[in-house]
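Structural features, examined
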Amino acid sequence: MTNNNLFSEFEAVSSKQWKQQIQYELKGADYNETLVWESPEGIKVKPFYHNDETEVNLNAITPSKPFAIVQNIFVHDVKKSNARAIETLQRGAESVRFTLENDTVSIEELMQNLPLENVNYYFNLPFLSIDFATKINDFASKNKANIFIQNDSIGQLVKDGNWFENLEKDFEKLNTIASKTAIPFLTISSGIYQNAGANIVQQLAYTLAQANEYFNRIPAINQPITIEVAVGTNYFFEIAKLRALRLLFNTLASEYNYNFDCHIIATPTKRNKTLYDYNVNMLRTTTECMSAILGGADAVANLAYDSIYHKDNEFGDRISRNQLLVLKHESYFDKVNNASDGAYYIETLTEQLAEKALELFKDIEKNGGLISQLIDGTIQRKINESAQKEQELFDSGKEVLLGTNKYPNKNDQMKNDLELYPFVKQNARKTLITPIIEKRLAEKLEQERLSQEQ
């Protein structure tokens, strides 16, 4: 069979010719002012990209397997959590992430009768325990289970304002865990930066700086580091973000002579989710999951449409899981590896985001590193500045959330449906640093609407 060049009879059109035609169609309007816009990251987005002015040479790094569908389970009752895990795996989930309350949970009881072949299990630990990490490792070794332990001391500092104990003891424990376990034991909870309002360059730079702190302080890392990422609504930018993240991580790891990759778990952001007209949240999470998949996430844990105001419930879980099942088995998002490879726009975004993030990362390291800048408040101040700019766009109506600040349904009543408090709580307490607080854009407007409900 011979290959035929289907376009050989068509003359190539240069970027200069495209610009001339666009300028003609604009009828005198300025090309740059009319069609070129600048993102919050300082990237100027053009109306088209052409191969005669696009020279991007990125070594694409992509997962070897299609993305896995992750079910989140908060373990309050071990038997119920075990039964729920079995059920969700039978109904389409491919991985399970257990979030444990304490170290009294029986690993054997929690994992009883669960399939171990070709299923990843994540143990998200909001505490730091050498003994418990060793128990998980022993269970994984004995049963040949694919288990990831999610310890993140710096993430604890970022979110809570305090270490589990203190810097020295936390890293002493992490180094001991590193020496006693043969499974991945470390995670970077970078989603908090996005959910607090950091722009994409900041998210990438802070994640990279956090990885660098771990590389410096834990010499014996021999397993992939898990990175939890929150995916926003800027579709192509978010695809490029995940690609840039993997590229930056591997570049940094190679400087320490590590040859392992990062393991990315992506979850839709909470920042643009709304209390009113909540069904629109399903549309938002669908495109965000699409960005995560096309960006090369290893696993995707969807966010239920009602997660900000309802407790965990079977219906919300099923809908969020089905969204991913449709993307995988009906839209075939798992059939093409690195689908965005060669797209001039995405390749250019990836390169620009990576370059800007690397520049910011170098500045962080020059000024003492991430932990130092968290302690002196620099990171918090920068995120607040970025979040405030986005909030102003939302408040002015330039950033639109349908059903909330655009086309709201005045008959929509939510006061009696709240099972969870969907707003930031301010609790005065003593902390080592000012914690980074996740906040949704619509919170202030929603509080005003709730106060007006009858």
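Keep in mind it's a predicted model, so treat the numbers as computed, not measured. (Residues numbered from 1 in each chain as written. Predicted model: local features only at pLDDT ≥ 70, side-chain atom pairs only at ≥ 80, totals over all residues. Heavy atoms only, no water.)

This model, assessed by the stated rule, comprises 23 aromatic pairs. Relative to Tyr-258, the ring of Phe-215 lies with its centre 5.1 Å away and its plane at 40 degrees, an arrangement referred to as tilted. Here the residue Phe-215 occupies a position in helix α9 (residues 200-217), and Tyr-258 occupies one in the loop between α10 (235-255) and β9 (262-268), the gap between them amounting to 43 residues. For Tyr-258, a relative accessible area of 15% corresponds to the buried category. Taking 5.3 Å as the distance between ring centres and 80 degrees as the angle between the ring planes, the aromatic pair formed by Tyr-421 and Phe-423 counts as edge-to-face. Note on Tyr-421: relative accessible area 47%, which makes it partly exposed. Among the residues examined, Phe-423 registers a relative accessible area of 8% and is labelled buried. One aromatic cluster is present, formed by Phe-215, Phe-249, Tyr-256, Tyr-258 and Phe-260 through successive ring pairs. The aromatic ring of Phe-67 is capped on one face by Lys-328, whose charged end is 4.8 Å from the ring centroid. The ring of Tyr-276 has Arg-449 sitting right over it, with the charged end atom 3.7 Å from the ring centre. (Phe/Tyr/Trp six-rings, centres within 6.5 Å; stacked < 30°, edge-to-face > 60°. Helix = DSSP H or I, 4+ residues; strand = E, 2+ residues; numbered from the N terminus. Buried < 20%, exposed > 50% of the residue type's maximum accessible area, 1.4 Å probe, protein only. Lys NZ or Arg CZ within 6 Å of the ring centre and 35° of its normal.)

Oppositely charged side chains can form a pair if their charged atoms are brought close together. Tallying each qualifying case throughout the model produces 20 salt bridges. A salt bridge links Glu-347 to Arg-243; the shortest N-O distance between them is 3.0 Å. Residue Glu-347 is found in helix α13 (residues 344-366), and its partner Arg-243 is found in helix α10; the two are separated by 104 residues along the sequence. Using a relative accessible area of 9% as the deciding quantity, one classes Glu-347 as buried. Residue class for Arg-243 comes out buried when judged on its relative accessible area of 11%. Across the salt bridge formed by Arg-271 and Glu-390, the nearest N and O atoms sit 2.7 Å from each other. (Salt bridge = Lys/Arg side-chain N within 4 Å of Asp/Glu carboxyl O.)

By themselves, these figures tell us nothing about what the structure is for.
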